[in-house]
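If you want the building blocks of each chain, they are given just below.
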Amino acid sequence: MLLAENKNLIDLQNIGVFRAGRWLVRGIDLCVRSGEIVTIIGPNGSGKSTTAKTAIGVIKPDEGQVMRTDGLKVGYVPQKLAVSAAMPLTVRRLMKLGGGQRRAEIDAMLAMTGVSHVSDQQVHFLSGGEFQRVLLARAMLGKPQLLVLDEPVVGVDFAGSLELYQLITKVRDETGCGVLLISHDLHVVMAQTDTVICLNSHVCCRGTPELVAENPEYLKLFGKTAAQDLAIYTHHHDHTHLADGRVVHSHDGSVCQHDDHGNEKGK
Amino acid sequence: MLDDFFIRALVAGIGLAVIAGPLGCFVIWRRMAYFGDTMAHSALLGVALSMLFAIDVLWGVFAVCLLVALLLLVLQARGSAGARLFSSDALLGILSHSALALGLVVVSLMSWLRVDILGFLIGDVLAVSRYDMMVIYAGGVLVLACLGWFWHSLLVATISEDIAEAEGLKPKQAELVLMVLLAVTIAIAIKIVGVLLITALLVIPAAAARRFSSTPEAMAILAVVIGVIAVVGGLFGSLHFDTPSGPSIVVAGLVVFCLSLMPVFSKAPISVPAPENEEK
């Protein structure tokens, strides 16, 4: 299709990164179009982060070509980020560094990722999950054409992960941006992912989540049991959990205490 | 009535504190204290070389500091890519003290010159001329303007180099700018505090400001205020007790830093929203 909204944001052709005497990744082809969610999965050390960093230009490849749309705006959430405790930094100030200057925009984005209650706190006091949400909000604030999320749900509990994945999908639907997502968490691959790329220094297999789950290469890499665990979440809860433990009911939008509804286990 | 030389030292020192505050914050945030120390120690080699070639000490110091900074950047970059034999810590240790030793050796070899080594090592208020004052203020305006221009990208690069790179903020360029600004600051600070103590003037006021700040900008401004207090207190102390200016300023800074650690000054604890189940 040659629709404008489906143009390639990034196109990696036969990428190889050579460091310290070995190829971290080699022969990677990867393409993300606007409005598309591409998920890279693979074991530890398989080159997922390297691939993502090459895609956005943080790492220069030793082989192959990286093509990016001119003036591509990237929102990036790195895998690990430790802000030095020596730097005082409130969540709000960190958000401003994302390019959004208007208070209302910042508040809206923090509310969207469910962390408005921490907006005036120091980032050093946030829990892992809260910090991930803040970083995600910060990345989205600059209205990027491409969101690159390196393990965005690390440190977020199970329900929170699902909620964040839903949020990412929502952002994609609303803004039409492309999303490059990295996960080592085989248990939760988004149903909304258009393409899953299974990586182990090279591309083992690629396709829709359903196809990849049945691919022999994938089964070899992760083992049959793990593969059976590859859950593709399509079901909907009648409520969602807020970051502070409260619950929103989707039918009427009411917010209540978690303990107030007793039937959630019997779904 | 205060002597003319003292007024000059005071005015120059205050100017220096204003530059050192924000710059010192970055030195702390980016863990560059030892890096700054290495650059400062190499300044003595700059002094020696400028005397050898009969050029202004300022330019010699600036050139040598910058050279050492670039050398360190190259060594560290190469080290991270390939197999590294030495940690950057060891590299800094080697460079820092070699540069200082080399400077001392070169100065003593030039037996035809009478050089007040101690003055360069620990600062000498008597040596501050009108010209030096002008240099400090002109250099200061330049440094602060540059720092303001690169403030945003430097902040993002300090939080995460990868994010800065991904968002097109050119963190390497910002880092280089910071090096140049440090070199300029060291060159203009050498007469007031001396090469051994320049890093202290950068680090101590910023560290003392940390506890009272909730944003990077607040910390930078507060570091300026504390730096000015240290300079004024230190210089008056040096006049009163007849002690060298550099160490006196640093000791005054240390006193402020120790005061900042006192529990009396602890701010209200970070507000945590009350647990929801308390509403029941």
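First things first, this report covers the structure right here in the doc. Note that residues are indexed from 1 along each chain, following the sequence as it is written. Chains and ligands are labelled by the order in which they are written, letters from A for the one and numbers from 1 for the other. pLDDT decides what is reported in this predicted model: residues at 70 or higher carry local features, side-chain atom pairs at 80 or more are listed and counted, and totals for whole chains, interfaces and linings draw on all residues regardless. Values shown for side chains rest on all heavy atoms present in the structure; no hydrogens or waters enter the calculation.

### Here's the deal with the overall build of chain B
Right, so step 1: A run of H or I in DSSP becomes a helix once it reaches four residues, and a run of E becomes a strand once it reaches two; helices and strands are each numbered from the N terminus. Check the secondary structure of chain B and you find 11 helices and zero strands.
Right, so step 2: In terms of overall size, chain B behaves like a compact globule, its C-alpha atoms giving a radius of gyration of 20 Å where 280 residues would be expected to give roughly 19 Å.
Right, so step 3: Over its C-alpha atoms, taken along the principal directions, chain B stretches across nearly 85 × 60 × 30 Å.
Right, so step 4: A burial count over chain B gives 51% of its 280 residues as buried.
Right, so step 5: For chain B, the exposed surface amounts to about 13100 Å²; the carbon and sulfur share of it is 72%.
Right, so step 6: For this count, His and the chain ends are skipped, Lys and Arg are scored as positive, and Asp and Glu as negative. Every charge is mapped onto a representative atom, which is NZ of Lys, CZ of Arg, CG of Asp or CD of Glu. Side-chain charges in chain B split into 14 positive and 18 negative, and the spacing between the mean points of these groups amounts to 3 Å. Put simply, the radius of gyration uses C-alpha atoms, and a globule should come to 2.2 Å times the residue count raised to 0.38. Three labels apply to residues, based on accessible area from a 1.4 Å probe with only protein chains included: buried if under 20% of the type maximum, exposed if over 50%, partly exposed otherwise in between. Only the protein chains shown count as covering a residue, and every accessible area follows the Shrake-Rupley method with a 1.4 Å probe.

### Topic: the pattern of salt bridges
Right, so step 1: Any carboxyl oxygen of Asp or Glu within 4 Å of a side-chain nitrogen of Lys or Arg constitutes a salt bridge here. In total, this model carries 15 salt bridges over all chains according to the counting rule given.
Right, so step 2: In this structure, the salt-bridge partner of Arg92 of chain A is Asp107 of chain A, at a minimum N-O distance of 3.0 Å. Within this pair, whereas Arg92 of chain A is found in helix H2 (residues 91-96), its partner Asp107 of chain A is found in helix H3 (residues 103-112), the two being separated by 15 residues in sequence.
Right, so step 3: For Arg92 of chain A, a relative accessible area of 12% gives the class buried.
Right, so step 4: For the salt bridge of Glu161 of chain B with Lys172 of chain B, the shortest nitrogen-to-oxygen distance reads 2.6 Å. Of this pair, Glu161 of chain B sits in helix H7 (residues 161-166) while Lys172 of chain B is found in helix H8 (residues 171-193), placing the two residues 11 residues apart along the sequence.
Right, so step 5: For Lys172 of chain B, a relative accessible area of 52% corresponds to the exposed category.
Right, so step 6: Here the residues in one salt-bridge network are Arg92, Asp107 and Asp120 of chain A, joined through shared partners.

### Observations concerning the nonpolar core
Right, so step 1: Among the nonpolar cores identified, the biggest contains 153 residues, and Met95, Val134 and Leu180 of chain A together with Trp29 and Val61 of chain B are the most heavily contacted of them.
Right, so step 2: Counting residues per element, this core draws most heavily on H8 of chain B, at 15 residues.
Right, so step 3: Whether two residues are in contact is decided by their heavy atoms: any pair within 4.5 Å suffices. Residues within four places of Trp29 of chain B in sequence aside, it is in contact with Ser84, Ala86, Met87 and Pro88 of chain A together with Trp151, Leu155, Thr158, Pro216 and Met219 of chain B.
Right, so step 4: Grouped together as the second largest cluster of nonpolar side chains are seven residues, Val196, Cys198, Cys204 and Cys205 of chain A included. Side-chain atoms within 4.5 Å are what join buried Ala, Val, Leu, Ile, Met, Phe, Trp, Tyr and Cys residues into a set we call a nonpolar core.

### Focus: the sheet that holds strand S1 (residues 8-19) of chain A
Sheet strands pair via backbone hydrogen bonds, and the direction of the pair is either parallel or antiparallel.
All names here are of chain A.
Right, so step 1: DSSP calls a pair of strands paired once it identifies at least 2 bridges connecting them. An order of S2-S1-S4 is seen for the three strands of this open sheet, with the pairing classed as antiparallel. With one partner strand each, in any of the chains shown, strand S2 (22-33) and strand S4 (63-68) form the two edges of the open sheet. For this sheet, the mean angle separating the axes of adjacent strands, direction not counted, is 15°.
Right, so step 2: Between N-to-C directions, angles span 0 to 180 degrees; the directions come from axes that are lines fitted to C-alpha atoms, helices contributing only their stretch in contact. Lying on the sheet, helix H1 (residues 48-55) is in contact with S1, S2 and S4; it crosses S1 at an angle near 125°.

### With respect to the environment of Val250 of chain B
All names here are of chain B.
Right, so step 1: Residue placement: Val250 occurs in helix H11 (residues 245-260).
Right, so step 2: Owing to a relative accessible area of 15%, Val250 belongs among the buried residues under this scheme.
Right, so step 3: C-alpha of Val250 to C-alpha of Val156: the two residues are 94 residues apart in sequence and 30 Å apart in space.
Right, so step 4: If near-sequence neighbours (up to four positions away) are discounted, Val250 is found in contact with Leu197, Ala200 and Ile204.

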